[in-house]
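Remarks on the overall topology
Okay, here's what each chain looks like letter by letter:
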Amino acid sequence: MTAHTPRATPWLPSLALLAAIAVALTAQPSRSQTDGDGPALPTSVPVIEIDAPEDHVYHIGIPNLLGEQNMMGEVLRGDFQLMPGYRVIDERSVRHDLVAEGLAIRSGAWGSLGAQGVIKGEVRATADGLEVELRFYRVARAAEPMFTRTYRGPATRARSWAHDFGNEVLRILTGMPGSFGTEIAYARRIGPGRKDVYRAQMDGYGEHRVSRGDGIALLPAFGNRRIYFTRMTTRGMFITHGRANDARIVEGDGINMAPTICDGRIYFTSSRDGNSEIYSTNLDGGDVQRLTNHPAMDLSPACGPNNKLAFVSSRHRTPQIFTMNRDGSDVRRVTFRGNHNQTPVWCQDPSRPRIAFTGRDGNYDIFTVNPETQDYVRLTQGQGDNKDPAFSPDCRLVAFASDRRGAPGIYLSSTLGFNQNLVARGDAETVRWRQWDGPYENMSVSDPVLDVLPTDAADAAVEVPTGVAPTGSAPVGAPTTTAPAGSAPVGAPSATAPARSAP
Amino acid sequence: MSRFRNASFAALLLTLAVGLPACRSQTPEEEESSSGSENDGDRNARRDVTLTPENGGGSGTCSLQQVYFGYDADELDSASRAAIQQAVECFRTQGLPARLHLTGATDPRGTEEYNIALGDRRAQAVRAYLVSLGIDGGRIAVTSVGEEMAQGSDEDSWARDRRVSAE
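Residues numbered from 1 in each chain as written. Chains lettered and ligands numbered in written order. Predicted model: local features only at pLDDT ≥ 70, side-chain atom pairs only at ≥ 80, totals over all residues. Heavy atoms only, no water.

What about the interface of chain A and chain B?
Let me state the cut-off plainly: It only takes one pair of heavy atoms within 4.5 Å for two residues to be counted as in contact. Summed over both partners, the accessible area (1.4 Å probe) lost when two parts come together is defined as the buried area. By definition, a salt bridge exists where a carboxyl oxygen of Asp or Glu is found within 4 Å of a side-chain nitrogen of Lys or Arg.
If you look at the interface, chain A gives 41 residues, while chain B gives 31 residues. Taking both partners together, chain A and chain B bury about 3,100 Å²; carbon and sulfur atoms supply 53% of that area. A per-residue breakdown of the area chain A buries against chain B is headed by Met232, Thr234 and Met297 of chain A, which together make up 20% of the total. The residue arginine 127 of chain B makes a salt bridge to aspartate 253 of chain A at a minimum N-O spacing of 3.3 Å.

See below:
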C-alpha cells in the first residue's frame, strides 16, 4: 500500500477562495432599510468554516459494520454527513480488505485515505436480538480503540445505538456529545384549513403525526415529555398536547398560542386581556401569570439559559427581539439591526450566548446574534423564505423551514449557514428541536434523549437500554465496558434491522 | 361534523366591504381614501375554507362582514370606520346579535406566529372601535387565523387576505 496525499485536502483552499469571490461579487446593500431602525442585517453569509475540531475538516472512516448489510453504518454516515466540519470516508474509497481487517484498523491503509478517525463495528445475532460492538479508533494511535461500546437488545434499537455511538465519538473528539437521534417537531400544511403537527428524528427518520388529523394544529413545543401545540378552531384558539385528545389546557378569549416549556411551566402568547402579551402557567393550565404589559404586540416567548426568556415586541414600532427574566423583569432589547425580527430561539448552553431568529431583508432569512456582544451572523440568503430557526441541543446545528424553489422543507445547517441538508421535505414549517433535559453541564445522551425515540407501542414495549453512557466527561482513551444487557425476549433475531426510509 | 359553514350562510349577511389600501403602507396614521366597494362575490365563494364561528350571531339581518388593512398595519382607515359605523346603525335598528365573533387575518407573508398576533390586533382594533360606538364589548369575541386562510399570491389578492370578518 503506497502512501497517498489525502484526497480531499488539496482542493479545499481553492474552494474557499471561489466561495469568497462569489460572495464578494454578489454582495449588495440591504433592500429593505425603510424605517431607520438602525443598521441593516448582515447582507452576506460567512465564508470560512471554523466550527470544526482543530479548526479543520475531520475525516472519519465509517465502513459498514461486519455482520450486517449497511443499516447502522448508513445511520452513522448520515449523522456525520449532517455535522459541519466532518467528511465521511465510506467503503467506496477503501482499497484494503475490510473483512480481513476485522474489528481492528490498519492505520497505514486508513491514513492513506486521509482518515483521522475510523468507526468499526460488528453485529452478532443473539437469542433475544442483537449484540453490536462499536469501536472508535484514532488513526494516529491505531493499536487499540480509543472507545468501545457494546449494545445488546432487540434489533429495533439498532438505529438508536448507532446515534448513541456517534454522539459519544463527538464527545471524545470535542468534549461535548452530539445530538444525533434527537427529535424535531414541526407543522405540515395539508390543505386550506388543514395543518398537522409532526415529529421525527433530526435526520428526518420516523416522521409521524402528533395532532389528531383534523382542523388546524400548529406551533409545537417539546416539554414535559410531550409535544404541546396550538389548536385553531371555530370555538377559539387553545393549547393542548399530543396525548390530551384536544383537551384545552390553556384557553381564553382571543389568541392563545405558541407555547414554550421551561422548568415545568408553559410560556405562551395570549390576547385574553385585549392585547397580545406573554403569560406563563402551570403544565395543567393553572396559576396563570402575566409577564408583559405593553400596548404594543408582545409574542413568541422562547426559553433561554439562566432563567431567561427571549420574545418579540413591537414596542419600538417594528418587531424586534427582546429578553427578560421569567417573571417579566429586566426587559432588554437584543436586536438593533433590521426592521422585522421574529421567532427567537436560544442556544441552551449558558457558555455560548446566541439567539437565532427570522429577519426580514426583502425575503425572510435566518440570522443569529450574540445578545452580549451584538455579533450577527447570517445563515441563509437568496433562496426563498427561510424562517423559524431551532438550535440542536448541542448548538452545532440550526434547523429552519425553507420554501426554496424545488426543494422546500426543513433544513439543517451549521451555525454559519454551511452544509444545508434537507431532512423533511414538503410544506413544513415552525420547526422545534427537543433539548436535553436537566442542566446543560450534566447532559447525558443515552438516557434522556433516546428513551422517547420509539415511535410505536411495539418498539416501546421491548425497549432495553443497554448502552450506559458515562455522564459528564468520558475518560478519553479508556475503553468503556458496557453494562450487561437486560433480557427481554423479542422476535426472531435478525442482523438486518428495518431499512432507512426517510419520508 | 363539518367545521365550516357553507357559502349560503355568508350570503345572508349584509356585507360591508370597504376599499383596499392601494399601497403597502406601514405608516400608522396614513388615511387611505376609499377606492370604492369591492366586488366580494369571489370572496364569498371561498368561504368553505374559512374558519367561522359555529354559533355566530347570524340571525339578524345586519352584520359587519369584512374590514381590510394595509400591509403589516392594524389601524382602521376612514373607510373601515365608516363601514363599522354603518353596521352599528344597523344593529341599533335591527338588534345586536347575542354574540359577535371577530376574526382577524393576514396575508401569507411573514412568520406564522407574528401573523396570528397581527390578525388578533386587527380584530382587537375593530372591537375597540365597536365599543367606542357603544357596543357592549362583553358580547364581542375576538380570534385570529393569522395567515392560515390566506390565498393571495400578488398585491391585489394579498390585500383581500388582510381583513377582519365578523359574524
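Following the structure, the description resumes.
A word on the pattern of salt bridges
Filter applied, for reference: Secondary structure elements are taken from DSSP: a helix is a run of H or I of four residues or more, a strand is a run of E of two residues or more, and numbering for both begins at the N terminus. Burial classification: accessible surface area is computed with a 1.4 Å probe over protein chains only, and a residue below 20% of its type maximum counts as buried, one above 50% as exposed, and the rest as partly exposed.
Throughout the structure, instances matching the rule amount to 42 salt bridges over all chains. Note that arginine 121 of chain B is salt-bridged to aspartate 74 of chain B, the shortest N-O span being 2.8 Å. In this pair, arginine 121 of chain B sits in helix H4 (residues 112-132) while aspartate 74 of chain B sits in the loop between strand S1 (66-68) and helix H3 (78-94), placing the two residues 47 residues apart along the sequence. Assessed through its relative accessible area of 16%, aspartate 74 of chain B is described here as buried. Residues participating in the shared-partner salt-bridge network are Glu122, Arg124, Glu131, Glu133, Arg135 and Arg152 of chain A.

What about helix H2 (residues 71-82) of chain A?
Residues and elements named next belong to chain A. For clarity, the cut-off: The span expected for a helix works out to 1.5 Å for each residue beyond the first.
A rise of 1.5 Å per residue sets the reference length of H2, with its 12 residues, at 16 Å; its end C-alpha atoms lie 17 Å apart and thus fit the reference within 8%. The element H2 is largely enclosed, with a buried count of 10 among its 12 residues. Within H2 the residues assigned to the buried category are Met71, Met72, Gly73, Val75, Leu76, Arg77, Gly78, Asp79, Phe80 and Leu82.

Regarding the side chain of threonine 335 of chain A
All names here are of chain A. Our working rule: Under the rule applied, a polar contact is a pair of N or O atoms within 3.5 Å (in protein, one hydrogen donor and one hydrogen acceptor; residues adjacent in sequence only if both atoms are side-chain atoms).
Here threonine 335 lies in the loop between strand S20 (332-333) and strand S21 (341-346). Judged by relative accessible area, threonine 335 falls into the buried class, the value being 0%. A distance of 3.5 Å separates a polar atom in the side chain of threonine 335 from a polar atom in the side chain of asparagine 341. Once you skip the residues sitting within four places of it in the chain, threonine 335 turns out to touch Gln320, Ile321, Asn341, Phe357, Val369 and Tyr376.

Looking at the state of the cysteines
All names here are of chain A. Quick reminder of the rule: Cysteine sulfur atoms are paired as a disulfide whenever they come within 2.5 Å of each other.
Evaluation of the coordinates by the stated rule reveals two disulfides over all chains. The disulfide partner of cysteine 262 is cysteine 303, and the S-S distance across this bridge is 2.1 Å. Between cysteine 262 and cysteine 303 the disulfide shows an S-S torsion of about -80°. By sign, it is left-handed. Here cysteine 262, found in strand S13 (residues 256-262), pairs with cysteine 303, found in strand S17 (residues 298-304); they are 41 residues apart in sequence, far enough to count as distant. Looking at cysteine 303, the relative accessible area reads 9%, which means it is buried. When the bonded cysteines of chain A are counted from the start of the sequence, the pairing works out to 1-2, 3-4.

Description of the nonpolar core
Residue and element names in this part refer to chain A. The condition is simple: Throughout this description, the term nonpolar core refers to a set of buried Ala, Val, Leu, Ile, Met, Phe, Trp, Tyr and Cys residues connected via side-chain atoms within 4.5 Å. An automatic or database domain assignment provides the domain bounds reported here.
If you look at the biggest cluster of nonpolar residues, it comprises 47 residues, and the most contacted ones within it are Met72, Phe80, Ile119, Phe136 and Ile410. At seven residues, the largest contribution of residues to this core is made by helix H5 (residues 158-174). When we break this core down by domain, the ones giving at least three residues each are domain 1 (62-177 + 452-461) and domain 2 (183-440). The residues touching phenylalanine 136, leaving out its near neighbours within four places in the chain, are Tyr58, Ile60, Gly117, Val118, Ile119, Pro145, Met146, Phe147, Phe165, Val169, Ile172 and Leu173.

Some remarks on the sheet that holds strand S16 (residues 289-290) of chain A
Residue and element names in this part refer to chain A. To keep things clear, this is the line we draw: Strand pairing is assigned whenever DSSP identifies at least 2 bridges connecting the two strands.
Pairing within the open sheet is antiparallel, and its four strands lie in the order S13-S14-S15-S16. Lying at the two open borders of the sheet, with one neighbouring strand each, are S13 and S16. Relative to S16, strand S15 (residues 277-282) is paired through two bridges, and the arrangement is antiparallel. Bridge assignment links tyrosine 279 to a residue of S16, and that residue is arginine 290.

Quick notes on the packing of H3 of chain B against H4 of chain B
Residues and elements named next belong to chain B. Basically, it comes down to this: To get an axis, fit a line to the C-alpha atoms, keeping to the stretch in contact for a helix; angles then go from 0 to 180 degrees between the N-to-C directions. Angle categories are assigned with fixed cut-offs, so that under 35 degrees is roughly parallel, over 145 is roughly antiparallel, 65 to 115 is roughly perpendicular, and the rest are oblique. Two helices that cross are described as forming a left-handed crossing if the nearer one is turned anticlockwise from the farther one by less than a right angle, and a right-handed crossing if clockwise.
Across the interface, H3 lies against H4 with an axial gap of 10 Å and an inter-helix angle of 50°. By the criterion of interaxial angle, the relationship of H3 to H4 is oblique. Crossing hand, H3 versus H4: right-handed. Between H3 and H4, the contacting residues are Arg81, Ile84, Gln85 and Val88 on the first element and Val126, Tyr129 and Leu130 on the second.

With respect to the confidence of the model for chain B
Under the convention used in this document: What pLDDT conveys is the predictor's confidence in a given residue, as a value from 0 to 100.
On average, residues of chain B carry a pLDDT of 71, and 61% of them reach 70 or more. Here residues 1-59 of chain B is a poorly scored stretch, pLDDT under 50, and it has 124 contacts once near neighbours within four places are set aside; other chains count.

Section: the environment of tryptophan 433 of chain A
Residue and element names in this part refer to chain A. Its location among the elements puts tryptophan 433 in strand S29 (residues 428-433). Sequence separation between tryptophan 433 and proline 393 is 40 residues; the distance between their C-alpha atoms is 7.4 Å. Of the polar contacts made by the side chain of tryptophan 433, one reaches the side chain of threonine 182; its length is 2.8 Å.

Examining the pairing of strand S4 (residues 129-138) of chain A
Regular strands place their side chains on alternate faces of the sheet. Residues and elements named next belong to chain A. Burial analysis of S4 places eight of its 10 residues in the buried class, the great majority of the element. Alignment of strand S3 (residues 117-126) against S4, held across 10 bridges, turns out to be antiparallel. Within the sheet, the bridge partner assigned to lysine 120 lies in S4 and is arginine 135. Where S4 meets strand S5 (residues 147-153), seven bridges bridge the pair, whose relative direction is antiparallel. Looking at S5, one finds that phenylalanine 136 is bridged to phenylalanine 147.

Focus on the sheet that holds strand S23 (residues 363-369) of chain A
Residue and element names in this part refer to chain A. Spatial ordering of the open sheet is given by S21-S22-S23-S24, a layout of four strands whose pairing is antiparallel. Sheet topology places S21 and strand S24 (376-378) at the edges, where each strand pairs with a single neighbour. Taken over all neighbouring pairs, the strand axes of this sheet differ in orientation by 30° on average, direction set aside. Inspection of the sheet shows S23 paired to S24 by three bridges, in the antiparallel sense. Within S24, the residue paired with valine 369 across the bridge is tyrosine 376.

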